[in-house]
Structure formats: structure tokens, C-alpha cells
Amino acid sequence: MDANRVELAISSRPENVGLARVVVAALAAQADFSIAEIEEIKVAVSEAVTNAVIHGYQSRPEATVWLEVALRGGDLEVAVIDRGCGITDVELARRPAYSSDPERMGMGFMFMENFMDSLEIHSAPNEGTRVVMHKRPAVSVPPATGERV
Amino acid sequence: MELAISGKNLVVRVHGVLDVQTAGDFRRRIVEALSESGARNLYLNLSGLTFVDSSGLGVILGRFRQVTESGGTMGLVAVPEQLMRTVAMGGLPKLMPLMATEQQIQAG
């Protein structure tokens, strides 16, 4: 099945994190995700884009964050890409207690891991970070087959 | 966001989104209100909250630390059902009471 795809290049600004959430949620709504699952997707997207803006680019609004979303059958793929400072130790960053900001408490990756089915982080210092997440609806609703008599 | 002070209690009614864009302003206004009112206890009424992520939960956890370190208590009121999983995963229910209505807040 051909994918339904959306690509978005956004300025690395906090006010665009909400925009990214809305775009992904609108595409996810075309699949059979429940309202609770769409909420989880929004949180995961929010975390990934926030990390790009705050950590990847360290608040440089002239930089660009890329969002690539694809819906293939029931599978939603979300990629968030920055060309910022990168993560030196990805395994360390994924630990729950890790964060350079004491009020964020390293919860971002925890939400991405728990609210999506899979999470991949590709990162290299001074090259940037690519976060790829997948999710399928837990309960698949069969397509409508017309009126039942 | 509306603030109501009653004795030693500061009740904050939160509206809209708590994310990286709004969390800083939210923190400043609560810190200011706590210091200006002299309230010891903080209750967040989240019935009007439409979205929260780790940036928002981080500010709530930061205020929990601030309030409890100065001997006060903190609670959450009317957490919307669709945000419950996020709030729970952030560990908030282990730290502070969750109340259905503001009437359940103990007089301060």
C-alpha cells in the first residue's frame, strides 16, 4: 500500500512544537488510533521536537527541524531530524534520570519509549540527531463492508 | 490561568497547553504568586488543561520540590481523563494527592 506522507521543515522555535503535534495527530487520525493513542503520539512528538529545539540546536531559532511522517497501512512512522549538536552517548541519554535541564528530569525519551511501539535514535556529535518512532493501533478496526441486513 | 488565595492555600486554575512554549511563563507566575501571597500550599486545578508533556510535568515537579522544601503541601485537582496516563507516567500521583474537586482541598 502506498504511504500517505507529510514532510515539514520548521524553524527551531518553541512555538512550532505545537504545530508539529497538530500535523502528526491529523495524519494519525486517518488510521484507527484511539483518542488515547493519539494523545500518546502527540506527547512523543512533542518530546522529540522539543529535544531538537532545546538540546539539538540549543535555542537557535534560525536553525531548521525536519519532521517526516508516513502512514503505511496502519503503521505510523514519525521521524524528527535536526543538524544540531548531537548526543555523545545515546545510551546514557535514554536513561530515565538523564537531563541537562533539572526541571525536565530526563522524561522525554521515557515518554517516546513508552508511548510509541519503537524508538530509534541515530546521533553523532556536531552532526545532529534523527529520532524515528513507529506506532500501530492496538485494536485494528476492520474496514466497513457496507450495510448489514 | 486564574489564581485564588485562601489562607495558606494558593489554587491555580490552569488553562490550555503546558509544553516548552508555555512552561517558563507558567513557572514564573506561580513562583511570583507563591512569594507575593505568602501561601505555603499549592493546588493546581488542571480541568482546563488540554495538553501536557515532560516540559510541563517538569515545572509541576519543580514546584512540588519548592513547596515541600518550605514545609507546604501540593495537590492536583480535576486531572482530565485523557491526560491521566501522561501524568501517571511522570510519577506525579506517587508524590502528591489527586483530588476530584476543589472542595476536597483542606482549608489552609
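Structure shown above.
Residues numbered from 1 in each chain as written. Chains lettered and ligands numbered in written order. Predicted model: local features only at pLDDT ≥ 70, side-chain atom pairs only at ≥ 80, totals over all residues. Heavy atoms only, no water.

## What to know about the interface of chain B and chain A
At the interface, 24 residues of chain B touch 23 residues of chain A. A buried area of about 1,800 Å², summed over both sides, lies between chain B and chain A, and 59% of it is on carbon and sulfur atoms. Counting across the interface, chain B meets chain A through two salt bridges. Among the salt bridges present, the one from Arg-85 of chain B reaches Glu-40 of chain A, with a minimum N-O distance of 2.0 Å. Linking chain B with chain A are four residue pairs in polar contact (both at pLDDT 80 or more), by the criterion used here. Elements that contribute at least two residues to the side of chain B that touches chain A include exactly β3 (41-52), α2 (54-69) and α3 (84-89) of chain B. (Contact = heavy atoms within 4.5 Å. Buried area = accessible area lost by both parts, 1.4 Å probe. Salt bridge = Lys/Arg side-chain N within 4 Å of Asp/Glu carboxyl O. Polar contact = N/O pair within 3.5 Å; in protein donor to acceptor, adjacent residues only side chain to side chain. Helix = DSSP H or I, 4+ residues; strand = E, 2+ residues; numbered from the N terminus.)

## A few points about the packing of helix α4 (residues 107-115) of chain A against α2 of chain B
It is at 9 Å that the axes of α4 of chain A and α2 of chain B come closest, and there the two elements cross at 130°. Put simply, α4 of chain A runs oblique to α2 of chain B. Classified by chirality, the crossing of α2 of chain B by α4 of chain A is right-handed. Of the residues in α2 of chain B, those touching α4 of chain A at Met-107, Gly-108 and Phe-111 of chain A are Ser-54, Leu-57, Gly-58 and Leu-61 of chain B. (Axes fitted to C-alpha atoms, helices over the stretch in contact; angles between N-to-C directions. Parallel < 35°, antiparallel > 145°, perpendicular 65-115°, else oblique. Left-handed = near helix turned anticlockwise from the far one by under 90°.)

## Some points on the sheet that holds strand β1 (residues 4-11) of chain A
Residue and element names in this part refer to chain A. One open sheet accounts for five strands, arranged β1-β2-β3-β5-β4; its pairing is antiparallel. At either margin of the open sheet sits one strand with a lone partner, and together these are β1 and β4 (118-124). Adjacent strand axes in the sheet meet at a mean angle of 10° when their direction is disregarded. Across seven bridges, the pairing between strand β3 (residues 75-82) and strand β5 (residues 128-135) is antiparallel. From the neighbouring strand, Val-78 faces β5, where its bridge partner is Met-133. Relative to β4, α4 is tilted by about 140°, and along the sheet it contacts β4 and β5. (Pairing = 2+ DSSP bridges.)

## A look at unusual backbone geometry
The phi dihedral of Asn-126 of chain A is positive, around 65°, even though this residue is not glycine. Structurally, the position occupied by Asn-126 of chain A is in the loop between β4 and β5. Accessibility expressed as a relative area gives 67% for Asn-126 of chain A, which makes it exposed. Phi is positive for Ala-78 of chain B, which is not a glycine, with a value near 55°. Here Ala-78 of chain B is to be found in the loop between β4 (74-77) and α3. (Buried < 20%, exposed > 50% of the residue type's maximum accessible area, 1.4 Å probe, protein only.)

## A closer look at the environment of Pro-137 of chain A
Residue and element names in this part refer to chain A. Tracing the backbone shows Pro-137 in the segment after β5. For Pro-137, a relative accessible area of 16% translates into the label buried. Here Pro-137 is in contact with Asp-32, Phe-33, Glu-37 and Gly-74, once residues within four sequence places are set aside.

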